[in-house]
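Coordinate inspection notes
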Amino acid sequence: MLDLANAPWWLIASLNLGLFVASAVTLLCAYRVVRGPTTPDRVVALDTIGTNVVAIAVLWAMIRGRGLFVDVALVLAIIGFVSTIAVSRYVTEGDIIE
């Protein structure tokens, strides 16, 4: 992974800023999940939260130098994709499996 001991200051600042922005956007999407006017708005907000959690895991892996978090991010991305498809099918058709 990335060795931040010899990294330039701007790289460390960029990683920390990205982690902060991704966390802030995740909290804003959580507000949309709670207050969303329609169900599709809530589904899109949940999908965005899943994507942001993957980004947070990857940024955390880069900051800490731990490759395990990248594997966790990949598993979260797969679960997020499958769950978004399942919820969208349920919303549009009323049934997940035909």
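Residues numbered from 1 in each chain as written. Predicted model: local features only at pLDDT ≥ 70, side-chain atom pairs only at ≥ 80, totals over all residues. Heavy atoms only, no water.

**What about the packing of helix 1 (residues 9–35) against helix 2 (residues 39–64)?**
- In the contact formed by helix 1 and helix 2, the axes pass within 9 Å of each other and the chain directions differ by 160 degrees. The angle between helix 1 and helix 2 places the two elements in the roughly antiparallel class. The interaxial crossing formed by helix 1 with helix 2 has left-handed handedness.
- In terms of residue class, the contact of helix 1 with helix 2 is built from 16 nonpolar, six polar and four charged. (Axes fitted to C-alpha atoms, helices over the stretch in contact; angles between N-to-C directions. Helix = DSSP H or I, 4+ residues; strand = E, 2+ residues; numbered from the N terminus. Parallel < 35°, antiparallel > 145°, perpendicular 65-115°, else oblique. Left-handed = near helix turned anticlockwise from the far one by under 90°. Nonpolar A, V, L, I, M, F, W, Y, C, P; charged D, E, K, R; others polar.)

**Here we look at the side chain of threonine 26**
- Among the structural elements, threonine 26 can be located in helix 1.
- For threonine 26, a relative accessible area of 14% puts it in the buried group.
- Engagement of the side chain of threonine 26 in a polar contact is seen with the backbone oxygen of alanine 22, the distance being 2.7 Å.
- Leaving out residues up to four positions away in the same chain, threonine 26 has contacts with Ile49, Asn52 and Ile56. (Buried < 20%, exposed > 50% of the residue type's maximum accessible area, 1.4 Å probe, protein only. Polar contact = N/O pair within 3.5 Å; in protein donor to acceptor, adjacent residues only side chain to side chain. Contact = heavy atoms within 4.5 Å.)

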